[in-house]
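# Working through the structure, step by step
The residues making up each chain are set out below.
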Amino acid sequence: MKNKLQFILPRLIVLTAIAGLATLIIGTIFKLLLFGTVLFGIVTFAAARMRRRDRRAFQLDAAPVRPNVQRHYDTVVAIVPLNAKRRSKKSTIVPVY
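Read on for an overview of the structure. If you're wondering where the values come from, they're calculated on a predicted model, not measured in any experiment.

## Details of the overall build of the chain
Each helix and strand counted, the chain has one helix and zero strands in total. In the chain, which comprises 97 residues, the proportion classed as buried is 0%. When the accessible surface of the chain is split by element, carbon and sulfur atoms take 67% of a total near 10,800 Å².

## Remarks on a positive patch on the surface
Among the surface-exposed residues, Arg49, Arg51, Arg52, Arg53, Arg55 and Arg56 lie close enough to one another that they form a single positively charged patch. Turning to its location among the elements, Arg49 is positioned in helix H1 (residues 2–58).

## Observations concerning a nonpolar patch on the surface
Together, Leu5, Phe7, Ile8, Leu9, Leu12, Ile13 and Leu15 line one region of the surface with nonpolar side chains, adding up to about 710 Å² of accessible area. Looking at where Ile13 falls in the secondary structure, it is placed in helix H1.

## Examining the packing of aromatic side chains
Tallied over the entire structure, the rule returns zero aromatic pairs. The ring of Phe7 is capped by Arg11, whose NZ or CZ atom sits 4.1 Å from the centre of that ring.

Conventions adopted
- Residues numbered from 1 in each chain as written.
- Predicted model: local features only at pLDDT ≥ 70, side-chain atom pairs only at ≥ 80, totals over all residues.
- Heavy atoms only, no water.
- Helix = DSSP H or I, 4+ residues; strand = E, 2+ residues; numbered from the N terminus.
- Buried < 20%, exposed > 50% of the residue type's maximum accessible area, 1.4 Å probe, protein only.
- Areas by Shrake-Rupley, 256 points an atom, 1.4 Å probe, with all protein chains shown as cover.
- Patch = residues over 30% accessible without salt bridge, like charges linked within 9 Å, V, L, I, M, F, W, Y side chains within 5 Å.
- Salt bridge = Lys/Arg side-chain N within 4 Å of Asp/Glu carboxyl O.
- Lys, Arg positive; Asp, Glu negative; His and termini not counted.
- Charge placed at Lys NZ, Arg CZ, Asp CG, Glu CD.
- Phe/Tyr/Trp six-rings, centres within 6.5 Å; stacked < 30°, edge-to-face > 60°.
- Lys NZ or Arg CZ within 6 Å of the ring centre and 35° of its normal.

Structure (structure tokens):
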């Protein structure tokens, strides 16, 4: 029995040390991944809030407010071509000889 214990005990100690070292390495990798994920989430959240704040300040969907400029009309005016009155006749085909 004493002989078996002397044979197994060093191997068991080495196996325990290897398992502990592997656990330490895997735990460290897990903690780094967890820290990176949390940091990425915080940075993304802060960037979204700053982007939203910039959009509210810039107001892309609203016209800029100019206090000294007044609008001359309230309705949308259509664009009328200048030469519309000159063309009173319909277009005709002119033969070329």
